[in-house]
Amino acid sequence: MILLGIESTCDDAAVAVLHGPQKVLSSVIHSQDAFHAKYRGVVPEIAARRHLVTLLPAVHEALNLAKLSPGDLNAIAVSTRPGLVGSLLVGAATAQSLALAWGIPCWGVNHLAAHVYSAQLSGPLPYPHIALVASGGHTLLLKVTAPNDLLILGGTLDDACGEAFDKVAKYMGLPYPGGPAIDELARNGDARAYDFPRMQVKSELWPYAFSFSGLKTAVIHQSARFQKKKEATPADLAASFQERAIGVLLGQTRLACKDLGIPRAVIVGGVSANSRLRLLTREDPQVEWCLPPLAYSTDNGAMVAGLAHALFDLGVTGLENISLLPRNPHPERIL
Ligand code: KG4
Ligand code: ZN
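What comes next is a walk through the structure. Here the residue numbering is sequential within each chain, running from 1 through the sequence in written order. As they are written, the chains are lettered A onward and the ligands numbered 1 onward, keeping that order. Since the coordinates come from a predicted model, pLDDT governs what is reported: local features require at least 70, and pairs of side-chain atoms require 80 or more to be given and counted, while whole-chain, interface and lining totals use all residues. Hydrogens and water are ignored here; the side-chain numbers use all heavy atoms of the structure.

## Focus: the overall build of the protein
Here comes step 1: Each helix corresponds to a stretch of at least 4 residues labelled H or I by DSSP, and each strand to a stretch of at least 2 residues labelled E; elements are numbered beginning at the N terminus. For the protein, the count of helices and strands is 10 helices and 10 strands.
Here comes step 2: For a compact globule the rule gives 2.2 Å times the number of residues to the power 0.38, and the radius of gyration it is set against comes from C-alpha atoms. Relative to the globule expectation of 20 Å for 335 residues, the C-alpha radius of gyration of the protein, 20 Å, shows essentially globular dimensions.
Here comes step 3: Relative accessible area decides the class of each residue, using a 1.4 Å probe on protein chains only: under 20% of the type maximum gives buried, over 50% gives exposed, and in between gives partly exposed. Across the 335 residues that make up the protein, the buried fraction comes to 53%.
Here comes step 4: In this analysis, two residues are considered to be in contact whenever any of their non-hydrogen atoms come within 4.5 Å of each other. Taking all contacts inside the protein whose residues are at least 6 apart in sequence as the whole, residues at least 24 apart take part in 73%.
Here comes step 5: The accessible surface values rely on the Shrake-Rupley method and a 1.4 Å probe; as for residues, cover is taken only from the protein chains in view. Carbon and sulfur atoms make up 54% of the accessible area of the protein, which totals about 14400 Å².

Structure follows, in structure tokens:
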């Protein structure tokens, strides 16, 4: 089966063509970073209007790169939740119109479940596994027993991890988005220059909770208090913040693996592109870590088409019922 995947839940317009559940024939991503950079965050109205301009050309580009025509497609898959409502509308309207014109089905999938599936774009993974979704809008820890069975074990009580990277970068005068900028600067920094507080959070809601706003505040308003090295540089500050933020992500995920007796974990979403996080997971004997190829860490169409294919193979019904939701509709599961 050949599927076209459309992803436009936030600010990236991404389209991919997949043959089967893993083989990516083409993947096109139109980043909107330049349009949001001066506001240092995504402006929802601008995001939706840019999708109107870029999504259709991205579909044609993806088909051309795959050397296919619309007649070769079996279905179109699109992310329908959660996301910015204007962006979701443009994505779903584009997907449904094309599906109607080309006489093929249009299937809706959950963006967070698609991120989790992205770890399988380099090969199928055994179930169950633990999944950490760390992006600009979400930090969620999940127990995954099937592509459509994702139990929420924990989440952030305040900022998402990527959001904390973006806000610390803003404070440091680094470009938007902040994650890649901090990652780059931290390469030359000393992560022991500042001893920022370790976050210990207890939540009634979840066994494994996260909090990033205390760390962010410590970096932005009180960094002198935690400085251990004389004449610390901005690179040292970036490295010290990054080490703590990533330490929390890995620590909670390791704990969930141990408590639940599950040996493997995936990390997906924009923060999984972080080079320090990738290095630490490669060197960790405690957990079998599996990260998506770099190109599929941030938002992309391949994860959407791949998940839709996997759900179809499982016999999941109702994929054609497209309802757009700004939030995940259930407190305990990704649906
Ligand atoms: O998954 P994603 O592309 O979009 C959302 O669904 O949010 O994630 C974007 C987030 C941003 O906050 C960005 O700063 C962060 O991922 N990010 C990174 C890196 N690359 C992107 N954070 C840390 N290190 C990186 N290398
Ligand atoms: Zn995302």
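## Description of the nonpolar core
Here comes step 1: Note on terminology: a nonpolar core comprises buried Ala, Val, Leu, Ile, Met, Phe, Trp, Tyr and Cys residues joined through side-chain atoms within 4.5 Å. Residues Ile130, Leu141, Ile182, Phe196, Phe212, Phe241 and Leu249 are the most contacted members of the largest nonpolar core, which totals 44 residues.
Here comes step 2: Residue assignment for this core shows that the elements contributing at least two residues are strand E6 (129-134), helix H5 (161-171), helix H6 (178-186), helix H7 (213-226), helix H8 (234-260) and strand E9 (264-268).
Here comes step 3: Apart from residues lying up to four places away in sequence, isoleucine 130 is in contact with Leu141, Leu142, Lys143, Leu153, Thr253, Ala256, Cys257, Leu260, Ile262, Arg264, Ala265 and Val266.
Here comes step 4: Val109, Leu112, Leu150 and Ala305 belong to the second-largest nonpolar core, a separate cluster that totals 38 residues.

## Looking at the site of ligand 1
Here comes step 1: What makes a residue near a molecule or strand is one non-hydrogen atom of that residue sitting within 4 Å of it. In the vicinity of ligand 1 there are 20 residues, among which Gly136, Asp166, Gly179, Asp183 and Gly270 approach most closely.
Here comes step 2: Residues adjacent in sequence count toward polar contacts only when both atoms are side-chain atoms; beyond that, a polar contact is any pair of N or O atoms within 3.5 Å, and within protein one must be able to donate a hydrogen and the other to accept it. One of the side-chain N or O atoms of histidine 115 is found 3.5 Å from an oxygen atom in ligand 1.
Here comes step 3: Here ligand 1 loses 90% of its free accessible area of 560 Å² to cover by the protein chains.
Here comes step 4: Looking at the shell around ligand 1, the elements with two or more residues in it are helix H4 (111-118), H5 and H6.
Here comes step 5: When residues in the shell around ligand 1 are grouped by element, the largest group, 4 residues, is from H6.
Here comes step 6: For this classification, Asp, Glu, Lys and Arg are treated as charged, while Ala, Val, Leu, Ile, Met, Phe, Trp, Tyr, Cys and Pro are nonpolar and the rest, including Gly, are polar. Looking at the shell around ligand 1 residue by residue, the class counts come to 5 nonpolar, 12 polar and 3 charged.

## Here we look at the pairing of strand E5 (residues 106-110)
Residues in a regular strand project their side chains so that they alternate between the two faces of the sheet.
Here comes step 1: Burial of E5 is extensive: 5 of the 5 residues sit out of reach of the surface.
Here comes step 2: Burial of the side chains of E5 extends over both faces: Cys106, Gly108 and Asn110 are buried on one face and Trp107 and Val109 on the other.
Here comes step 3: Looking at chain direction, strand E4 (residues 75-81) and E5 are connected through 5 bridges and run parallel. Across the sheet, the residue bridging to valine 78 is glycine 108, located in E5. A pair of strands is labelled paired if DSSP reports no fewer than 2 bridges between them.

## Some points on the coordination of the zinc ion (ligand 2)
Here comes step 1: Distances from the zinc ion (ligand 2) to its protein donors, His111 (NE2), His115 (NE2) and Asp299 (OD), fall at 2.1 to 2.2 Å.
Here comes step 2: Metal-coordinating donors are taken as N, O and S atoms lying within 2.8 Å of the metal, or within 3.2 Å when the metal is Na, K or Ca; because water is left out, some sites can appear incomplete. Any site counts as irregular unless it has four donors with all angles between 85 and 135 degrees, making it tetrahedral, or four or six donors with opposite ones more than 155 degrees apart and the rest between 65 and 115, making it square planar or octahedral. Relative to the metal, the 4 donor atoms surrounding the zinc ion (ligand 2) lie at angles of 87 to 145 degrees, and the coordination shape comes out irregular.
Here comes step 3: Of note, the zinc ion (ligand 2) draws all its donor residues from one chain, in the sequence arrangement H-x3-H-x183-D. Residue histidine 111 is found in helix H4, and its partner aspartate 299 is found in the loop between strand E10 (288-290) and helix H10 (302-313); the two are separated by 188 residues along the sequence.
Here comes step 4: When its relative accessible area of 6% is taken as the criterion, histidine 111 is described as buried.
Here comes step 5: For aspartate 299, a relative accessible area of 13% corresponds to the buried category.

## With respect to the packing of H4 against H10
Each pair of packed helices can be described by the angle between their axes along with the distance between the axes.
Here comes step 1: Angular values range over 0 to 180 degrees, each being the angle between N-to-C directions of two axes fitted as lines to C-alpha atoms, with helices fitted over their stretch in contact. Packing of H4 against H10 leaves a shortest axis separation of 8 Å and a crossing angle of 95 degrees. Relative to H10, H4 is oriented roughly perpendicular. Two secondary-structure elements touch here, H4 through His111, Ala113, Ala114, His115, Tyr117 and Ser118 and H10 through Met303, Val304, Gly306, Leu307 and Ala310.
Here comes step 2: Of the residues contributing to the contact of H4 with H10, the split by class is 7 nonpolar, 4 polar and no charged. Roughly parallel here means an angle under 35 degrees, roughly antiparallel means over 145, roughly perpendicular means 65 to 115, and every remaining angle is called oblique.

## Notes on helix H9 (residues 275-282)
Here comes step 1: Restricting attention to buried positions, one finds in H9 the residues Leu277, Arg278 and Thr281. Viewed end-on, H9 has its buried residues packed into an arc of 100 degrees, placing them on one side of the element.
Here comes step 2: Tucked inside the fold, the buried residues of H9 contact H8, E9 and E10. Arc definition: directions from the helix axis to the C-beta atoms.

## Observations regarding H5
Each α-helix winds once per 3.6 residues, and so residues spaced three or four apart point in a common direction.
Here comes step 1: Those residues of H5 not exposed but buried are Cys161, Gly162, Ala164, Phe165, Val168 and Ala169. In an axial view of H5, the angular spread of the buried residues amounts to 160 degrees, which keeps them on one side of the axis.
Here comes step 2: Elements that come into contact with the buried residues of H5 comprise strand E7 (139-146), H6, H7 and H8.
Here comes step 3: Just beyond H5, the residue with positive phi is glycine 173, at close to 75 degrees.

## Re the pairing of strand E8 (residues 149-155)
Here comes step 1: Counting buried residues in E8 gives 5 out of 7 residues, a clear majority hidden from the surface.
Here comes step 2: Two strands pair when backbone bridges link them, and E7 and E8 are joined in this way by 6 bridges, in the antiparallel orientation. Paired with valine 144 across the strands is leucine 150, a residue of E8.
Here comes step 3: Counting the residues in the hairpin turn of E7 and E8 gives 2 residues.

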